[in-house]
Amino acid sequence: MTDGKYAPENEASAAKGAVSAYMSAATQAAHFRQVRRARETETIEDYVELIADLIDESGEARSVEICRRLGVSSATVNKMVARLQQLDLVTAQPYRSIFLTDEGRAVAEKSRKRHHIIVEFLLALGISEKTAWADAEGLEHHCSEETLQAFERFTSAANEDN
């Protein structure tokens, strides 16, 4: 189950399935910090990826379409667009289209690539396309580069076998 690094520190807890039995408190804290960092950027990445998709599809991204695609209110979109502007990821003016800065486009492309890697991996496992796309939406933000590279190797090997 593990490479030895995560051998159970507490056999009784491990027998009950306790995740914490396989790592020190410091290691577990590091894992939780990683998850919190991913959550902090998840919404930002979702927005810039969607804005990139809309621009690529129709030449522009409008708040009303972002609301429709994300299922959120216009106030929520306006608040996030203001945050994205502060982060220098988008440019926008009231009642106008939203555009990505070069940095925003880079974030969107990185997120898009991660999304596609995960979809391909899930499809290679035999997951339905509908489920793969839905599951990838959350997974893309929480996988390490190491894990994504392993997914790519697995997918490449699976494709070579077919």
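Everything quoted here is computed from the prediction, not taken from an experiment.

The terminal C-alpha atoms of helix 5 (residues 102-124), which comprises 23 residues, lie 33 Å apart, in line with the 33 Å expected from a rise of 1.5 Å per residue. Of the residues making up helix 5, those classed as buried are Gly104, Ala108, Ser111, Arg112, Arg114, His115, Ile117, Ile118, Val119, Phe121 and Leu122. Just downstream of helix 5, Gly126 is the residue with a positive phi angle, here 95°.

On to the confidence of the model for the chain. The predicted model of the chain has a mean per-residue pLDDT of 86, with 82% of residues at 70 or higher. The weakest mean pLDDT in the chain belongs to helix 1 (residues 11-15) at 60; the strongest belongs to strand 2 (residues 98-100) at 96.

Turning to the packing of helix 5 against helix 7 (residues 145-161), a few remarks are in order. Contact geometry for helix 5 and helix 7: axes closest at 9 Å, N-to-C directions at 45°. Judged by the angle between their axes, helix 5 and helix 7 are oblique. Between helix 5 and helix 7 the crossing geometry is left-handed. In this structure, helix 5 uses Lys110, Lys113, Arg114, Ile117, Ile118, Glu120, Phe121 and Ala124 to contact helix 7, whose residues at the interface are Glu145, Leu148, Phe151, Glu152, Phe154, Thr155 and Ala158. Its residues placed into classes, the contact of helix 5 with helix 7 shows eight nonpolar, one polar and six charged.

At their nearest, the axes of helix 5 and helix 6 (residues 129-139) sit 8 Å apart, and the two run at 140° to each other. With respect to helix 6, the axis of helix 5 lies oblique. The hand of the helix 5/helix 6 crossing is right-handed. Listed contacts from helix 6 to His115, His116, Ile118, Val119, Leu122 and Leu123 of helix 5 are Glu129, Ala132, Trp133, Asp135, Ala136, Glu137 and Leu139. By residue class, the composition of the contact of helix 5 with helix 6 is eight nonpolar, two polar and three charged.

Now for the pattern of salt bridges. Taken as a whole and assessed by the stated rule, the structure comprises nine salt bridges. For Arg112, the salt bridge goes to Asp56, with nearest N and O atoms at 3.0 Å. Residue Arg112 is located in helix 5, and its partner Asp56 is located in helix 2 (residues 25-58); the two are separated by 56 residues in the primary sequence. For Asp56, a relative accessible area of 46% puts it in the partly exposed group. Put simply, Glu145 and Arg114 hold a salt bridge, and the shortest N to O gap is 2.8 Å. With Glu145 in helix 7 and Arg114 in helix 5, this residue pair connects regions lying 31 residues apart in the sequence. Take Glu145: its relative accessible area is 43%, and that puts it in the partly exposed class. On the basis of relative accessible area, Arg114 is assigned to the buried category, the value being 11%.

What counts and what doesn't
Residues numbered from 1 in each chain as written. Predicted model: local features only at pLDDT ≥ 70, side-chain atom pairs only at ≥ 80, totals over all residues. Heavy atoms only, no water. Helix = DSSP H or I, 4+ residues; strand = E, 2+ residues; numbered from the N terminus. Expected span 1.5 Å × (residues − 1). Buried < 20%, exposed > 50% of the residue type's maximum accessible area, 1.4 Å probe, protein only. pLDDT = per-residue confidence, 0-100. Axes fitted to C-alpha atoms, helices over the stretch in contact; angles between N-to-C directions. Parallel < 35°, antiparallel > 145°, perpendicular 65-115°, else oblique. Left-handed = near helix turned anticlockwise from the far one by under 90°. Contact = heavy atoms within 4.5 Å. Nonpolar A, V, L, I, M, F, W, Y, C, P; charged D, E, K, R; others polar. Salt bridge = Lys/Arg side-chain N within 4 Å of Asp/Glu carboxyl O.

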